[in-house]
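Survey of secondary and tertiary structure
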Amino acid sequence: MDNGAIDDVDRAILYALQADARNTSSGDIAERTGTSDSTVRKRIQRLESDGVIKGYSANVDYQRSGYPLRMLLYCTASIPERGELIPDILEIDGVVSVQELVTGEQNLLVTVVGESDNDITPVAQALLDMGVTVADEVLVRTHETTPFGRFDTEGRDDG
């Protein structure tokens with residue numbers, strides 16, 4: 001692979017790991033890609049060291065785990081500071097993700113979970129104390145994800 005280019009084997013690895021990293025072995029991926037188990041393991045290590053695979057995590061149903069509120073806070077921070085604020089925002093109790101937005105007036109999307117409004121309000125106050133304005137709040141009912149389809153080399157029709 002030249003200059004970090006992602007090929008079909010890498011795409012198949014990424015798709016399989018997104019679909020079910022816990023229950024997918026390198027042997028399973030090797031079988032699907034027509035490569036060896038050791039090739040897949042080396043590719044995964046390279047994808048990790050290159051930062052393409054940033055980590056592995058559990059997909060938690062916060063509602064079933066006792067935290068029924070999932071709130072999206074659309075925020076505005078000064079453009080030079082917004083990226084630098086992300087690690088501090090992630091340290092706020094209840095914050096589970098931060099996305100930096102590059103278009104529109106709001107430039108940070110902060111996801112917060114909690115048991116009640118009493119859990120969400122301190123997050124908004126902590127953001128204000130950091131100089132971040134909360135422009136809008138959206139209550140989320142469900143959140144589902146799927147593997148990125150362009151990584152699915154078996155389902156692609158390239159011809």
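Calculation criteria
Residues numbered from 1 in each chain as written. Predicted model: local features only at pLDDT ≥ 70, side-chain atom pairs only at ≥ 80, totals over all residues. Heavy atoms only, no water. Helix = DSSP H or I, 4+ residues; strand = E, 2+ residues; numbered from the N terminus. Rg over C-alpha atoms; globule rule 2.2 N^0.38 Å. Buried < 20%, exposed > 50% of the residue type's maximum accessible area, 1.4 Å probe, protein only. Contact = heavy atoms within 4.5 Å. Areas by Shrake-Rupley, 256 points an atom, 1.4 Å probe, with all protein chains shown as cover. Lys, Arg positive; Asp, Glu negative; His and termini not counted. Charge placed at Lys NZ, Arg CZ, Asp CG, Glu CD. Phe/Tyr/Trp six-rings, centres within 6.5 Å; stacked < 30°, edge-to-face > 60°. Pairing = 2+ DSSP bridges.

Regarding its fold elements, the protein chain presents 5 helices and 4 strands. Along the protein chain, from the amino end to the carboxyl end, the secondary structure elements read α-α-α-β-α-β-β-α-β. For a compact globule of 159 residues, the expected C-alpha radius of gyration is about 15 Å, and the protein chain comes in at 19 Å, more than 25% above that figure. Oriented by its inertia axes, the alpha-carbon framework of the protein chain measures out at about 55 × 40 × 30 Å. In the protein chain, which comprises 159 residues, the proportion classed as buried is 29%. Residue pairs at least 24 apart in sequence account for 65% of intrachain contacts in the protein chain once pairs closer than 6 positions are excluded. Surface exposure of the protein chain reaches about 10500 Å², of which carbon and sulfur atoms provide 44%. Distance between charge centroids for the protein chain: 8 Å, based on 14 positive and 29 negative side chains.

Glancing now at the packing of aromatic side chains. According to the stated counting rule, one finds 1 aromatic pair in the structure shown. Between the aromatic rings of phenylalanine 148 and phenylalanine 151, the centroid separation amounts to 5.1 Å while the plane-to-plane angle is 80 degrees, which identifies the pairing as edge-to-face. A residue is classified by how much of its surface remains accessible, and phenylalanine 148, at 42% relative accessible area, is partly exposed.

Among the secondary structure elements, isoleucine 79 is positioned in the loop between strand E1 (69–76) and helix H4 (82–90). Judged by relative accessible area, which is 60%, isoleucine 79 ranks as exposed.

With respect to the helices and strands, the residue arginine 70 is situated in strand E1. Other than its neighbours up to four places away in sequence, arginine 70 contacts Val60, Tyr62, Thr111, Val112, Val113, Val138, Leu139, Val140 and His143.

In this section: the environment of valine 102. Among the structural elements, valine 102 can be located in the loop between strand E2 (95–100) and strand E3 (108–114). Each C-alpha atom, one on valine 102 and one on isoleucine 79, is 9.2 Å from the other, the two residues being 23 residues apart in sequence.

Time to look at the pairing of E3. Within E3, 7 of the 7 residues are buried, leaving the element largely enclosed by the surrounding structure. Of the two faces of E3, the one lined by Leu108, Val110, Val112 and Gly114 and the one lined by Leu109, Thr111 and Val113 are each fully buried. The pairing of E1 with E3 spans 7 bridges and is classified as antiparallel. Directly across from leucine 72, in E3, lies its bridge partner threonine 111. Where E2 and E3 come together, 5 bridges link them in antiparallel fashion. Counted as the bridge partner of valine 95 is valine 112 from E3.

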